Structures are given as C-alpha cells and as structure tokens.
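Breakdown of the fold
Each chain, letter by letter, is given below.
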Amino acid sequence: MAKRYSFEFFPPKTEAGRDKLAATRDELNSLSPDFFSVTYGAGGSTRDNTRGIVLETKAAGIDVAPHLSFGGDEEDAVRALLDQYREAGVRRIVALRGDIPSGMGATRLVYARELVEFIRQHSGDHFELEVAAYPEVHPDAPSYEQDVSYLKDKLDAGANSAITQYFFNADAYFYFLEACEKAGIDKPIYPGIMPITNYANLARFSRNCGAEIPRWLARKLEGYGQDADSIAKFGEEFVTELCHILMEGGAPGIHFYTMNQVQPVKRMLEAVKASHP
Ligand code: FAD
C-alpha cells in the first residue's frame, strides 16, 4: 500500500509570516505530500488564522487538514466552521481535545472522542478524521492501558486514523502499535516526527507534552552547547535514521512537524521517499 506523508504548520500571526509560510508550503508541495495540516491554537485562540491559512491553501488546489478542538467555543460556532470547511472542499480534519491555555480560567475541555462524535453527527462521513495518539502516554492519562483504550474510543467513534505525538525512541512506537493491536485497534497510526533544530526549545516543549528525549540523546545535544550548526547536523542525521527505522518496521507513512521551515524536513522526506515512495 502507498505510504502517506504529511506536513504540519502552525498559523503565523503576521502578514509577513503568512507570506513566508505560503512560500514554504509551495516548496514542500514539490514533494507531493498527501496533505498539509494547520494547528489550532489552544482555546480557539488562532481560529481565524487557522481558517485563513486552510482556506487559502485549499484555494491554491492543495489538500489541507485543519486541526480543530472545541476550546471555549459553543456548538454553533464549531458547526459553522465545519460548514465553511466543507463548502471550501476540505476533506480531512484533525480532531483534538486541546489544552486549557494558562489565563483562560475554567474553560471546559471536550474530549476528542466527543468532538469526533459531534463532527460525525453534523457532517456525516464527509471528513476523514485524524486523532492524536501518544506512544509515550499522554500526561493526563491514568495509565498506559487506559490511554490506549481512550484512543480506541476515539477511533470507534468514527475517526479514520491517528497521528502520534513525536518521540525519539522507535521502540516506543513499535510497542505502542502492538498494544493498540492487542486492544483491538486496526486503523493506521502514523508516527509524528519532530526535527531536532534547537535543543533548548525542544527540551522545554517535551517536558509538557508527553514526549521524552532519551537521556543519551539529551546529553549528546547538551554537549554541543551553543553550537547550533552541530546540533542541526547531528539532529538531522539522527531523525532521518529514525524515519528509516520506522518505515523499515512497517509504519504506514510519516507526519512531519515542520515548525514552518522547509528544512530539514524536505531533505528527510526526500531520503525516506527514495526507499519508501
Ligand atoms: P483526548 O483524546 O481527549 O485525551 C486527553 C486526555 O484525556 C488523555 O490523557 C486521555 O487518556 C484522557 N481521556 C480521554 N478520554 C477520557 C475520558 N472519557 N475520561 C477520562 N480521561 C479521558 N494541541 C493544540 O492545542 N492544537 C493543535 O492543533 C494540536 N495538534 C496536535 C496534533 C497532534 C498529531 C498531536 C499528537 C497533538 C496535538 N495537540 C494540539 C496537542 C493536544 O491537543 C494535547 O495533547 C491535548 O492535551 C490532548 O488532546 P487529545 O485530542 O489527545 O485529547
């Protein structure tokens, strides 16, 4: 079966940032990815920016999947957004719970499963639905088994496939696939791949999101100190090798967290596609 490759963007806040992103997208699109996705700010904070980039990308004839969560929105607002996406010809949505942004008080969190049910109820089978999966366990999950079971609930509620949080340990992904299979999950689980470019940012982000930087890797990256070029060079070699290991092990494709940059993900996908078109 053909492998599926996708690229994720976050919505820039400025006009200049949006122009730069369009250029990045066009360059990455030369590799014919299956789709791009655009993240949705916690609590709906990027709603207009996300929608703007999604509609512009779709108008350029490129397949794009908006990320979506309830955030603080009422059901009517989410229905309206779904209708707009449908009218624009969008065929895929990444359905999420999201997180409560600090300072937003007691916004109600709607589990991703509930959003999947809501979308299926409102839009039928129009959209392919992706959900999030966590090979190294979501930080709020009561246990590994329960997290897998909640993933199954989301897929059983009508999601088509899952994309994982990033990880740097291939075994975590393969073990997770086995656990999912044992739990009765038979839908594809695409690894999410994060390039290593800036160690300080990566370490801060990883502490909160349920992704681990293995000790040896952290020490190696720390050892480069402020030498950004060496971090980028080693990071690219390491993550490209990780992609190869995942594909050799049977991953159904890869979702790249681009951080809105062409490189290194463009070279990574070129390398992966050379052996797994
Ligand atoms: P859920 O699947 O709802 O699960 C959240 C937690 O609740 C888990 O710990 C789960 O085990 C637990 N749980 C699930 N169901 C129940 C239940 N019935 N009872 C008790 N506990 C339950 N965040 C953004 O803000 N914007 C984005 O665009 C974005 N894109 C992402 C894309 C991908 C591919 C991934 C992997 C993550 C993304 N995130 C994004 C982060 C995500 O929103 C957070 O990780 C969030 O904390 C969980 O979202 P979820 O959809 O996985 O939640």
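What this report covers is the structure whose coordinates are included nearby. (Residues numbered from 1 in each chain as written. Predicted model: local features only at pLDDT ≥ 70, side-chain atom pairs only at ≥ 80, totals over all residues. Heavy atoms only, no water.)

**Describing the side chain of R97**
Its location among the elements puts R97 in the loop between strand 4 (92-95) and helix 4 (112-123). There is a polar contact of 3.1 Å between the side chain of R97 and the side chain of D99. One polar contact links R97 to D140, side chain to side chain, over a distance of 2.9 Å. If sequence neighbours within four positions are ignored, R97 has contacts with S69, L109, V110, Y111, A112, H138 and D140. (Helix = DSSP H or I, 4+ residues; strand = E, 2+ residues; numbered from the N terminus. Polar contact = N/O pair within 3.5 Å; in protein donor to acceptor, adjacent residues only side chain to side chain. Contact = heavy atoms within 4.5 Å.)

**Some words on the side chain of T50**
Looking at the secondary structure, you find T50 in helix 2 (residues 47-59). Ignoring anything within four residues of it in the chain, the contact list for T50 reads P11, V38, T39, Y40, H67 and Y85.

**A closer look at the packing of helix 6 (residues 170-182) against helix 9 (residues 228-248)**
Axis separation between helix 6 and helix 9 bottoms out at 10 Å; the angle between their running directions is 25°. Relative to helix 9, the element helix 6 lies roughly parallel. Read as a crossing pair, helix 6 and helix 9 show a hand that is right-handed. Only L242, I245 and L246 of helix 9 make contact with helix 6, whose side of the interface consists of A170, Y173 and F174. A breakdown of the residues in the contact of helix 6 with helix 9 according to their chemical character gives six nonpolar, no polar and no charged. (Axes fitted to C-alpha atoms, helices over the stretch in contact; angles between N-to-C directions. Parallel < 35°, antiparallel > 145°, perpendicular 65-115°, else oblique. Left-handed = near helix turned anticlockwise from the far one by under 90°. Nonpolar A, V, L, I, M, F, W, Y, C, P; charged D, E, K, R; others polar.)

**Considerations on the site of the ligand**
What surrounds the ligand is a group of 22 residues, the closest being Y40, D99, Y134, H138 and D147. In this structure, an oxygen atom belonging to the ligand sits 2.8 Å away from a main-chain N or O atom of R97. Contacts to the ligand include K154, whose side-chain N or O atom sits 2.7 Å from an oxygen atom. In isolation the ligand offers 980 Å² of accessible surface; the protein chains occlude 86% of this area. Contributions of two or more residues to the shell around the ligand are made by helix 5 (144-156) and strand 6 (161-166). When its residues are assigned to classes, the shell around the ligand shows 11 nonpolar, six polar and five charged. (Near = heavy atom within 4 Å. Areas by Shrake-Rupley, 256 points an atom, 1.4 Å probe, with all protein chains shown as cover.)

**Section: the nonpolar core**
Ranked by size, the top nonpolar core spans 77 residues in total, and within it L68, I119, L151, F168, I189, I196 and F256 carry the most contacts. When residues in this core are grouped by element, the largest group, eight residues, is from helix 9. Apart from residues no more than four positions distant in its own chain, F168 is found in contact with M194, I196, L202, E212, I213, P214, L217, F238, V239 and L242. (Core = buried A, V, L, I, M, F, W, Y, C linked by side-chain atoms within 4.5 Å. Buried < 20%, exposed > 50% of the residue type's maximum accessible area, 1.4 Å probe, protein only.)

**Looking at the packing of aromatic side chains**
Two measures describe an aromatic ring pair: the distance that separates the ring centres and the angle between the ring planes. A complete count under the given rule lists 14 aromatic pairs for this structure. Plain terms: the ring middles of Y166 and Y257 are 6.4 Å apart, the flat faces sit at 75° to each other, and that makes the pair edge-to-face. A residue pair is termed long-range when its members are at least 10 positions apart, and Y166 in strand 6 and Y257 in strand 8 (residues 253-257) qualify at 91 residues. The pair Y166 / Y257 is uniform in exposure class, with both members buried. Each member of the aromatic cluster is reached from another via a ring pair, and the members are Y166, F168, F205, W216, Y224, F234, F238 and Y257. For the cation-ring pair, R4 lies above Y190, with the distance from its terminal atom to the ring centre recorded as 3.6 Å. Against the face of F234 rests K220, its NZ or CZ located 5.0 Å from the ring centre. (Phe/Tyr/Trp six-rings, centres within 6.5 Å; stacked < 30°, edge-to-face > 60°. Lys NZ or Arg CZ within 6 Å of the ring centre and 35° of its normal.)

By themselves, these figures tell us nothing about what the structure is for.
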